Amino acid sequence: MDQSKEQRILNSVSYNAIKGDAESVLDCIDKYCSQKEWAMNVGDEKGLILDKIVKEADPTVALELGTYCGYSAVRIARLLKPSAHLFSIEFNAEFVPIAKEIIEIAGLEDKVTILEGHAQDIIPQLKTKYNVDTLDFVFLDHWKDRYAPDTILLEQYGLLRKGSILLADNIGFPGAPDFLKHVRNNEHYECTHYPSHLEYMKAPDAMEKAVYLG
Ligand SMILES: O=C(NC/C=C/[C@H]1O[C@@H](n2ccc(=O)cc2)[C@H](O)[C@@H]1O)c1cc([N+](=O)[O-])cc(O)c1O
Ligand SMILES: [Mg+2]
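Criteria and cut-off values
Residues numbered from 1 in each chain as written. Chains lettered and ligands numbered in written order. Predicted model: local features only at pLDDT ≥ 70, side-chain atom pairs only at ≥ 80, totals over all residues. Heavy atoms only, no water. 1 Å grid on protein atoms, 1.4 Å probe; cavity = no way out; pocket = protein on both sides within 12 Å on 5 of 7 lines; lining within 4 Å. Points joined across faces, edges and corners; volume = space filled by probe spheres on them. Nonpolar A, V, L, I, M, F, W, Y, C, P; charged D, E, K, R; others polar. Core = buried A, V, L, I, M, F, W, Y, C linked by side-chain atoms within 4.5 Å. Buried < 20%, exposed > 50% of the residue type's maximum accessible area, 1.4 Å probe, protein only. Contact = heavy atoms within 4.5 Å. Near = heavy atom within 4 Å. Polar contact = N/O pair within 3.5 Å; in protein donor to acceptor, adjacent residues only side chain to side chain. Areas by Shrake-Rupley, 256 points an atom, 1.4 Å probe, with all protein chains shown as cover. Donors = N, O, S within 2.8 Å, 3.2 Å for Na, K, Ca; no water. Helix = DSSP H or I, 4+ residues; strand = E, 2+ residues; numbered from the N terminus. Axes fitted to C-alpha atoms, helices over the stretch in contact; angles between N-to-C directions. Parallel < 35°, antiparallel > 145°, perpendicular 65-115°, else oblique. Left-handed = near helix turned anticlockwise from the far one by under 90°. Salt bridge = Lys/Arg side-chain N within 4 Å of Asp/Glu carboxyl O.

Caption draft 1: Representation of empty space enclosed by the protein in the model. Using the criterion set out here, one finds one cavity of 30 Å³ or more in the structure. Of the pockets and cavities examined, the largest cavity occupies roughly 40 Å³. Around the largest cavity, the lining residues are M40, N41, V42, G66, T67, Y68, C69, G70, Y71, S72 and D141. Looking at the lining of the largest cavity residue by residue, the class counts come to five nonpolar, five polar and one charged.

And the structure:
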């Protein structure tokens, strides 16, 4: 059975990246996915927006919806302070070991916990099973029609506090209209729009930051 694209991305990282060097892991994935095979990593251009918001949030507890190959988990975790931690939810059992390996090559395995399953099933367990109080930062990059319902779950399970920062990928393409409808013109959120481009392409895309106001 020949390898999957995600396995080929891991091969490229394990062969070309410098062990323990998160930047080299990111550069390797961006190079592979812009020159060899496109993949749905947040990428280098939108990655700079992600970096900016993570630095602004300086989270102690962060959550990512949609690990995929671990590119954005590496991107986020490399900026976390020593006491901070990232939980990343991934549903596809094929992607989990690949992401774990890529995160390990980046030397960030102690900063990231991958939780396998659907966000809608794991979010309700974050407080009870994973000892989370509230989330300082949430990166939404999973199924676009789940951004809104899973954000509502975060609210309902008391996982957001005044100042929690949500950042959503793909507001332009593929788009997440229900999420935008939920957070914009909503007195509980302060939104900022960041126009950008689809990873490794010229097509327009955008990210949306939504700060929870309590
Ligand atoms: O479709 C996109 N992303 C969906 C991501 C889905 C990922 O989230 C996981 N998940 C984890 C938890 C869940 O509850 C559900 C899914 C899935 O198992 C998958 O690993 C996408 C598409 C394009 N595009 O150009 O077409 C560009 C992008 O940047 C994208 O992010
Ligand atoms: Mg995306």
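From this point, the discussion proceeds with the structure in view.
Caption draft 2: Broad picture of the nonpolar core. Counting 48 residues, the largest nonpolar core has I29, I102 and F137 as its most contacted members. Apart from the residues within four sequence positions on either side, F137 is in contact with L50, I53, V54, A57, P59, V61, A62, L63, I76, I165 and L167. In terms of nonpolar packing, the next biggest core, distinct from the first, is built from 31 residues, L63, L115, L159 and A206 among them.

Caption draft 3: View of the site of ligand 1. Around ligand 1, a shell composed of 22 residues is seen, among which E90, A119, K144, N170 and E199 lie nearest. Taking N92, its main chain carries an N or O atom lying 3.5 Å from an oxygen atom of ligand 1. E199 is positioned with one of its side-chain polar atoms (N or O) 2.5 Å from an oxygen atom of ligand 1. For ligand 1, whose unbound accessible area comes to 660 Å², protein coverage reaches 88%.

Caption draft 4: The arrangement of the coordination of the magnesium ion (ligand 2) in detail. Coordination sphere of the magnesium ion (ligand 2), protein contribution only: D141 (OD), D169 (OD) and N170 (OD1), at 2.0 to 2.2 Å. For the magnesium ion (ligand 2), all donor residues lie on one chain, and their spacing in sequence is D-x27-D-N. Here D141, found in the loop between strand 4 (135-140) and helix 8 (147-156), pairs with D169, found in the loop between strand 5 (160-168) and helix 9 (171-175); they are 28 residues apart in sequence, far enough to count as distant. Residue D169 is classed as buried on the basis of its relative accessible area, which comes to 0%.

Caption draft 5: How the structure looks around the packing of helix 1 (residues 5-16) against helix 5 (residues 95-105). Running from N to C, helix 1 and helix 5 point in directions that differ by 15°, and their axes come no closer than 10 Å. The angle between the axes of helix 1 and helix 5 places the two elements in the roughly parallel class. By crossing handedness, the relation of helix 1 to helix 5 is classed as left-handed. Mapping the contact onto sequence places E6, Q7, I9, L10, V13 and S14 in helix 1 and F95, I98, E101, I102 and I105 in helix 5.

Caption draft 6: Quick look at the pattern of salt bridges. Counting across every chain of the model gives 15 salt bridges. Put simply, R75 and D51 hold a salt bridge, and the shortest N to O gap is 2.8 Å. In this pair, R75 is assigned in helix 4 (residues 71-77) and D51 in helix 3 (residues 43-57), connecting sequence segments 24 residues apart. Like D51, R75 is buried. E208 is the partner of R184 in a salt bridge, and the nearest nitrogen-oxygen pair spans 2.8 Å. In this pair, R184 sits in the loop between helix 10 (177-183) and strand 6 (189-197) while E208 sits in strand 7 (residues 204-212), placing the two residues 24 residues apart along the sequence. For R184, a relative accessible area of 31% puts it in the partly exposed group. Through salt bridges with shared partners, a single network forms among E23, D51, R75 and R78.

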